[in-house]
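Understanding the architecture of this molecule
In case you want the letters, here they are:
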Amino acid sequence: MQMIIDGKNTDAIGGQSLQVLSPNDGKAFETIPRGRKADVDLAVKAARQALSGAWGELTALERGRLMIQLGQKILENHEELAQLESRDTGKPISTSRADISALARYFEFYGGGADKVHGQTIPFLNDYAVQLVREPLGVTAHIIPWNYPAQMFGRSAAPALAMGNAIVVKPAEDACLSVLRAAELAQEIGFPPGAINIVTGLGHEAGAALSQHPDINFISFTGSNEVGVLIQQAAAVNAVKCTLELGGKSAHIVFEDANVERAIPAIVKGVVYNTGQTCTAGSRLLVQRSIFDDFMVRLAEEFSKTRAGTPDMDLTCGPVVNKDQFDRVNHYVDQGRKDGLKIVAQGTIADGVPAGGYFVTPTLFSAPDHSSCLLSDEIFGPVLVAVPFDTEAEAVALSNATSYGLMGAVWTENGGRQQRVAKGMQAGQVYINSFGAGGGIELPFGGVKRSGHGREKGFIALEEMSTTKTIINFHGE
Ligand code: NAI
Ligand code: MG
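About the thresholds
Residues numbered from 1 in each chain as written. Chains lettered and ligands numbered in written order. Predicted model: local features only at pLDDT ≥ 70, side-chain atom pairs only at ≥ 80, totals over all residues. Heavy atoms only, no water. Near = heavy atom within 4 Å. Polar contact = N/O pair within 3.5 Å; in protein donor to acceptor, adjacent residues only side chain to side chain. Areas by Shrake-Rupley, 256 points an atom, 1.4 Å probe, with all protein chains shown as cover. Helix = DSSP H or I, 4+ residues; strand = E, 2+ residues; numbered from the N terminus. Nonpolar A, V, L, I, M, F, W, Y, C, P; charged D, E, K, R; others polar. Domains from an automatic or database assignment. Buried area = accessible area lost by both parts, 1.4 Å probe. Salt bridge = Lys/Arg side-chain N within 4 Å of Asp/Glu carboxyl O. Patch = residues over 30% accessible without salt bridge, like charges linked within 9 Å, V, L, I, M, F, W, Y side chains within 5 Å. Buried < 20%, exposed > 50% of the residue type's maximum accessible area, 1.4 Å probe, protein only. Axes fitted to C-alpha atoms, helices over the stretch in contact; angles between N-to-C directions. Parallel < 35°, antiparallel > 145°, perpendicular 65-115°, else oblique. Left-handed = near helix turned anticlockwise from the far one by under 90°. Contact = heavy atoms within 4.5 Å. Phe/Tyr/Trp six-rings, centres within 6.5 Å; stacked < 30°, edge-to-face > 60°. Lys NZ or Arg CZ within 6 Å of the ring centre and 35° of its normal. Expected span 1.5 Å × (residues − 1). Pairing = 2+ DSSP bridges.

1. Describing the site of ligand 1
Around ligand 1, the structure places 28 residues, and the nearest of them are Trp146, Glu173, Ser224, Gln325 and Glu378. Measuring from an oxygen atom of ligand 1, one finds a side-chain N or O atom of lysine 170 at 2.7 Å. Alanine 208 has a polar backbone atom sitting 3.5 Å from a nitrogen atom of ligand 1. Burial of ligand 1 by the surrounding chains reaches 87%, relative to a free accessible area of 810 Å². Only helix H8 (203–211), strand E10 (218–222), helix H9 (225–237) and helix H12 (323–338) provide two or more residues apiece to the shell around ligand 1. Element by element, the count of residues in the shell around ligand 1 is highest for H8, at 4 residues. Across the shell around ligand 1, the residue classes break down as 14 nonpolar, 9 polar and 5 charged. Viewed by domain, the shell around ligand 1 spans two of them, domain 1 (3–246 + 452–472) and domain 2 (251–439), each represented by three or more residues.

Written out as structure tokens, the structure reads:
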């Protein structure tokens, strides 16, 4: 497949390409251009020109309409995009279908928002009229990961476009085909050239060149902590704003009065869905000691039903994305054994998966305390560790005992406790008696602590992706 720069499908200037491997069998099935600095320069230039050209001239209504049309076009090509996503990432086909629906929804949601972000007037001195108007940031850079390529594209790109920015996206080298195809559809329905540019390539080449480019006005990044720090440093050099979403180590807190029937499937799904490669994976489980043993028996029963298979088998989860993730997950499972954690249950890998596929076994551990690195490091795999606690205060303290702060969940029927714990948890989102419902496009999302900063999703993203201008008008005689 090719990149999209200035409305055209294009190869890398250097002529090099990268192989795309399928995690289902480890084999190459496609190539993408290996874009570098020269390609990024062209993309940023095209975006800048779009702002003062056809894209910048559109009214908010026209921008929004184009975005809603793109959402509909994505739905018309839903199955093709879902198949592509599964081949690229290894997701069970029903997961990819849900992801492509979410991609369409991002464009519909923010397309509908484009003409609904209004300014303000501010009372000031006599003989003055003051307007606060919202303006685009300019050229926005979007460096997105491989775990939800289509959704991440929608989440990052759609609010930026709604506010009238021109975008340059660097999707992940491990999985980016659905992003390329969606951007191609955008060209087909008439997005002006340069409004949406996609540069494929390696992180330290295309990604670094984009984040360091002196003519960008904003960076949105989702990915690892290490790269997040580099992004913020690059943003500092150019004095531009960035949002960072750097993953998490999200905890469930289950109290003795919890609705266990409701909690158990949500907890299993919360860590195994997408093979645990989810920033909001509920990878720590804190259970009140009075119910710990019984709860773990029932949880083990449900957990052991999880199965990993190829996309067409459409089981609980697929393979992990690449060899690095495969080694990483297996390393942590070995480390858990070495740390003396007890394996309480494991899922299975389905018979008949290809030998070269990156399939890992979902694993449920229990730990006597919170000291193992499995409870502090983001594993990004289907690995859950349960730890008992005694009091509410202890539970909240344990939930906050990581450097991350993305999401959390509290399971209790006690209303006062629901509120106290939700307030006490250091996280950008807290669920009460549920976990990660419905894609959450409407719900402001982002982290505290090392999970990053800035907010995405919801209407708040439109504020993040724009700036204000205060116009002060003296109208006295
Ligand atoms: P990564 O942070 O290296 O990759 C994310 C994106 O950043 C990709 O598009 C990549 O090309 C780009 N990138 C890499 N190096 C860059 C650089 N120097 N400058 C600019 N862009 C750069 O993540 P990776 O290595 O694929 O995964 C490692 C771990 O990171 C995972 O195991 C997981 O723990 C975490 N992660 C978290 C994600 C989340 O949703 N918060 C998503 C992906 C990874
Ligand atoms: Mg990396």
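2. Quick notes on the domain arrangement of the chain
Domain annotation of the chain identifies domain 1 (3–246 + 452–472) and domain 2 (251–439). Between the C-alpha centres of domain 1 and domain 2 there is a distance of 31 Å. Between domain 1 and domain 2, roughly 2,000 Å² of surface is buried when both sides are summed, and carbon and sulfur atoms account for 54% of that area. Between domain 1 and domain 2 we count 0 salt bridges in total. Counting the contacts that link domain 1 with domain 2 gives 11 residue pairs in polar contact (both at pLDDT 80 or more). Broken down by element, the side of domain 1 that touches domain 2 gets its largest block of residues, 5 residues, from helix H5 (residues 93–113). When the residues that make up the side of domain 1 that touches domain 2 are grouped by side-chain class, the tally is 8 nonpolar, 9 polar and 7 charged.

3. Looking at a nonpolar patch on the surface
Together, Phe124, Leu125, Tyr128, Ile472 and Phe474 give the surface a local cluster of nonpolar side chains, amounting to about 510 Å² of exposed area. Mapping phenylalanine 474 onto the fold places it in strand E22 (residues 466–474). Judged by relative accessible area, which is 46%, phenylalanine 474 ranks as partly exposed.

4. Things to note about the packing of helix H3 (residues 60–76) against helix H7 (residues 177–188)
Running from amino to carboxyl end, H3 crosses H7 at an angle of 125 degrees, the nearest separation of the two axes being 10 Å. Taken together, the axes of H3 and H7 lie oblique to each other. Both H3 and H7 take part in a crossing whose hand is right-handed. Two secondary-structure elements touch here, H3 through Leu70, Lys73 and Ile74 and H7 through Ala182, Leu185, Ala186 and Glu188. Its residues placed into classes, the contact of H3 with H7 shows 5 nonpolar, no polar and 2 charged.

5. Thoughts on the packing of aromatic side chains
Under the defined criterion, the tally for this structure stands at 11 aromatic pairs. Measuring from ring centre to ring centre gives 5.4 Å for tyrosine 128 and phenylalanine 474, while their planes differ by 65 degrees; the resulting arrangement is edge-to-face. Of this pair, tyrosine 128 sits in strand E6 (residues 128–136) while phenylalanine 474 is found in strand E22, placing the two residues 346 residues apart along the sequence. Ring centres of phenylalanine 326 and tyrosine 358 lie 6.1 Å apart, and the angle between their planes is 50 degrees; this geometry places the pair in the tilted category. Residue phenylalanine 326 is located in helix H12, and its partner tyrosine 358 is located in the loop between strand E16 (348–349) and strand E17 (363–366); the two are separated by 32 residues in the primary sequence. Phenylalanine 326 gets classed as partly exposed once you look at its relative accessible area, which sits at 22%. Using a relative accessible area of 13% as the deciding quantity, one classes tyrosine 358 as buried. Three or more aromatic residues joined by ring pairs make a cluster, and in this case those are Tyr106, Phe109, Tyr110 and Phe459. Positioned above the aromatic ring of phenylalanine 445 is the side chain of lysine 457, whose terminal nitrogen or guanidinium carbon lies 4.9 Å from the ring centre.

6. Some thoughts on H9
Within an α-helix, residues lying three or four positions from one another point in the same direction, as the helix has 3.6 residues per turn. Helix length check: H9 (13 residues) gives 19 Å between terminal C-alpha atoms against 18 Å at 1.5 Å per residue, within 8%. Among the residues of H9, those classed as buried are Asn225, Gly228, Ile231, Ala234 and Ala235. Contact partners of the buried residues in H9: strand E7 (139–143), H8, E10 and strand E11 (241–245). Two residues or fewer after H9 comes alanine 239, characterised by a positive phi angle close to 50 degrees.

7. What to know about the sheet that holds strand E13 (residues 282–288)
If you trace the 7 strands from one edge of the open sheet to the other, you get E15-E17-E18-E13-E12-E19-E20, paired in mixed fashion. Edge strands, defined here as strands with exactly one partner in the open sheet, are strand E15 (342–346) and strand E20 (429–432). Pairs of neighbouring strands in the sheet enclose a mean axial angle of 20 degrees, with direction left out of account. Bridge count between E13 and strand E18 (residues 383–389): 5 bridges; the pairing is parallel. For valine 287, the partnering residue across the bridge sits in E18 and is proline 388. Relative to E13, helix H11 (residues 289–303) is tilted by about 140 degrees, and along the sheet it contacts strand E12 (250–254), E13, E15, E17 and E18.

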